[in-house]
Amino acid sequence: MAIAEPTTFAHPLHLAEYGTQPEYGTAAFDELLAWVKGVAALTKPDRIHWVDGSEAERQALLGSMVAQGTLIKLNESKRPNSYLARSDAGDVARLESRTFIASEREIDAGPTNNWAEPREMRRTLDGVFDGSMRGRTMFVMPFSMGKIGGPISQLGVQITDSPYAVASVEIMTRVGEEVTDLIAEGAPWVRTVHSVGHPLELGEPDVAWPSNDEKYIVHFPETLEVFSFGSGYGGNAILAKKCFALRIASVLGRDQGWLAEHMLLIRVVSPEGRAYHVAAAFPSACGKTNLAMLRPSIPGWTVETIGDDIAWIRPGSDGRLYAINPEAGFFGVAPGTGVSTNVTAVEALCENVIFTNVALTDDGDVWWEGLTDEAPAHLIDWQGNHWTPDADRPAAHPNSRFTVSAAQAPSISDDWEEAVPLDAILFGGRRATNVPLVVESFDWDHGVFMGATISSERTAAAEGTVGELRRDPFAMMPFCGYNMADYFGHWIEMGAAAERLPAIYQVNWFRKGSDGRFLWPGFAENSRVIEWIIRRIDGSADAVDTPVGRVPAALNLEGIDIADADLAELFAIDPDSWLAEAELTEEFFQRFDGRVPGRLTDQLAALRDRLQTAKQG
Ligand code: OXD
Ligand code: MN
């Protein structure tokens, strides 16, 4: 930001309530210090606190939020060291309409992002951030995405006036002095600034969830900066996640030859004990955490969790693509996470959790739709009101969340912080019609075409009408920090650069019959699809060519009851509907004014040819 170098501070600054400002005396550290002072001069907090990541500091912070009413401490014997936050009703999800890419050139943001002219946006931000932290503590939080000092890791610093954001980022990343040590030694880092935008005048009481009706989530890809104003929620406040690890990191990946992807990461171990690594991109709230913690229903197979939301992928010296989960925690959607659907996640949530916008039980524990089949007789809902099962509204907000450390998942791999070689990449969406349960791509370009043309029904993870079909290429529509057509081109190039590429699949757990019923049981049974994919990779399963890709010659259905008619419908390909989709794909590609790589428009033409042939045949 064009924050003027401060000469004097407009407001008295007291360093450190719990910690102290570190001293290094290196030029790199002085640069960090100058940035911190610059932000402080603009936002005018009462205090600055450098977060050291210690347990004592964390407990003091959590205690202060309980005293303030931001957090409710849950029953210590039922849910040790866990808390419930209730947000403001107007601050419950990511805000795509208020998310901006302020690249120098509009074309570099592309038609799927909101572009903002950078100088004008800096002026706007200077205005809204001016005095925005008055009466509050400004926290300075150095963090690492990926293990500290790891070869694929990246560093960042988040400045925030939200203690809730501090407590959340501490779970989602690696925070602490070791990161500052690396920055002071000269390691590159990304600047992120967050304010809830709710300054306090002298003597004015604070509210439980401070926020501002005016909101901005702004990325400057050329200078690697993020500014978020007005919201305390999730991806708007945990800037390491969507803002840095996807939007800014995708730009770093474009420029440095790697990929920052909205993908979970798992290790699948076959009955023979062989390990395979699978990354899967699904739009928000489409069951990524469930697949990341899959407990296979078929004997002999196990799945270990490496990550549930983001993967950074780089070519290794052996020509394979290697991936890490850059995060350290899960910020998962609570509703639908239950004993019958994801018992591993339920077990991971037994302690040390921050819940947001779920319901409170009478004995001081939490509940949300889907946690158990039957709702408790009485709850306090996410807005603090009495709730009984006959209420005509959900007890937990549909985008209510848990924040928990990844290491706490019983399914976490022993070496989950290390890079793993990728064997398969899955692209998925929530599609009631048309898209088969699983389709294998013919080759890399066809797989990239599959990723580029995914659409999915909208969920509650962002604002908008739930259920509406929208394009979500690579599940990156809200998260790609640059022109999406160039991003497609980058994927094509990554394929050309690697020697042994992962196989690419499209999956759809959500297809419905004409009677509106889900045709596939999903959850643990998705292991049958994973089994077929792994058997394709090791060469022992057969496939049948269709116009849209290869489908299983047979799927292991032992032990489940799927009617033949349902199975046929699950894999049905209607050339007319697909030709109509191809029409929409062409319209989508046209939005990019000729920038979509020729190799993808060739794929579209080839798909149409295959569909026409199938129609005539
Ligand atoms: C998330 C999202 O929070 O995708 O992971 O919205
Ligand atoms: Mn996500």
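Predicted model, so just to flag it, every value in this text is computed and none were measured.

About the criteria used
Residues numbered from 1 in each chain as written. Chains lettered and ligands numbered in written order. Predicted model: local features only at pLDDT ≥ 70, side-chain atom pairs only at ≥ 80, totals over all residues. Heavy atoms only, no water. 1 Å grid on protein atoms, 1.4 Å probe; cavity = no way out; pocket = protein on both sides within 12 Å on 5 of 7 lines; lining within 4 Å. Points joined across faces, edges and corners; volume = space filled by probe spheres on them. Helix = DSSP H or I, 4+ residues; strand = E, 2+ residues; numbered from the N terminus. Nonpolar A, V, L, I, M, F, W, Y, C, P; charged D, E, K, R; others polar. Near = heavy atom within 4 Å. Polar contact = N/O pair within 3.5 Å; in protein donor to acceptor, adjacent residues only side chain to side chain. Areas by Shrake-Rupley, 256 points an atom, 1.4 Å probe, with all protein chains shown as cover. Sits in = over half its atoms within 2 Å of the grid points. Buried < 20%, exposed > 50% of the residue type's maximum accessible area, 1.4 Å probe, protein only. Contact = heavy atoms within 4.5 Å. Axes fitted to C-alpha atoms, helices over the stretch in contact; angles between N-to-C directions. Parallel < 35°, antiparallel > 145°, perpendicular 65-115°, else oblique. Left-handed = near helix turned anticlockwise from the far one by under 90°. Donors = N, O, S within 2.8 Å, 3.2 Å for Na, K, Ca; no water. Patch = residues over 30% accessible without salt bridge, like charges linked within 9 Å, V, L, I, M, F, W, Y side chains within 5 Å. Salt bridge = Lys/Arg side-chain N within 4 Å of Asp/Glu carboxyl O. Lys, Arg positive; Asp, Glu negative; His and termini not counted. Charge placed at Lys NZ, Arg CZ, Asp CG, Glu CD. Pairing = 2+ DSSP bridges.

A. Empty space enclosed by the protein, seen in detail. Taken as a whole, this structure holds 3 cavities of 30 Å³ or more when the rule is applied. The calculated volume of the largest cavity comes to roughly 230 Å³. Considering the residues around the largest cavity, the lining is formed by 21 residues, among which M450, T453, Q506, W578 and E581 are closest to the centre. Sorting elements by how many residues they give to the lining of the largest cavity places helix α15 (residues 575-590) first, with 4 residues. Its residues placed into classes, the lining of the largest cavity shows 10 nonpolar, 8 polar and 3 charged. A volume near 120 Å³ is recorded for the second largest cavity. In terms of residue class, the lining of the second largest cavity is built from 6 nonpolar, 4 polar and 6 charged.

B. Broad picture of the site of ligand 1. By nearness alone, every residue bordering ligand 1 is listed as R94, K241, K242, H262, S284, D309, F331, R401, A461 and F479. A distance of 2.9 Å is found between an oxygen atom of ligand 1 and a side-chain nitrogen or oxygen belonging to R94. Within the side chain of H262, an N or O atom sits 3.2 Å from an oxygen atom of ligand 1. Within the complex, the protein chains bury 94% of what would otherwise be the 210 Å² of accessible surface of ligand 1. In this structure the site holding ligand 1 corresponds to the largest pocket.

C. Inspection of the side chain of K288 at higher detail. Among the structural elements, K288 can be located in helix α9 (residues 288-292). Judged by relative accessible area, K288 falls into the buried class, the value being 6%. Separated by 3.0 Å, the side chains of K288 and H262 make a polar contact. Setting aside residues no more than four positions away along its own chain, K288 makes contact with H262, M263, L264, A280, F282, P283, D308 and D309.

D. Local environment of the packing of helix α2 (residues 55-68) against helix α5 (residues 163-172). Packing of α2 against α5 leaves a shortest axis separation of 10 Å and a crossing angle of 140°. Between α2 and α5, the crossing angle belongs to the class labelled oblique. Taken as a pair, α2 and α5 cross one another with a handedness that is left-handed. On α5, the residues that touch E57, R58, L61, L62 and M65 of α2 are P163, Y164, V166, A167, E170 and I171. Of the residues that constitute the contact of α2 with α5, the class distribution is 8 nonpolar, no polar and 3 charged.

E. The coordination of the manganese ion (ligand 2), seen in detail. Donor atoms from the polypeptide that coordinate the manganese ion (ligand 2) comprise K242 (NZ), H262 (NE2) and D309 (OD), at 2.2 Å from the metal. Every donor residue of the manganese ion (ligand 2) comes from the same chain, spaced as K-x19-H-x46-D. Residue K242 is located in helix α8 (residues 240-256), and its partner H262 is located in the loop between β13 (259-261) and β14 (263-269); the two are separated by 20 residues in the primary sequence. Taken as a pair, K242 and H262 share a single burial class, namely buried.

F. Examining a negative patch on the surface more closely. Together, E177, E178, D181 and E185 make up a region of like negative charge exposed at the surface. Here E185 lies in the loop between α6 (177-184) and β10 (189-195). Given the relative accessible area of 64%, E185 is considered exposed.

G. Layout of the environment of T305. As for its position among the elements, T305 is in strand β16 (residues 302-307). Assessed through its relative accessible area of 0%, T305 is described here as buried. Spatially, the C-alpha atoms of T305 and I266 are 4.9 Å apart, while their sequence positions differ by 39 residues. The contacts of T305, once residues within four sequence positions are left out, are L265, I266, A292, M293, F330, S411, I412, S413 and W416.

H. Spotlight on the sheet that holds strand β26 (residues 420-421). Pairing is antiparallel in the open sheet, where 4 strands are placed in the order β13-β17-β18-β26. Every interior strand has two partners, whereas the edge strands, β13 and β26, have only one. Where strand β17 (residues 311-315) meets strand β18 (residues 321-324), 4 bridges bridge the pair, whose relative direction is antiparallel. Bridge pairing links P315 to L321 in β18.

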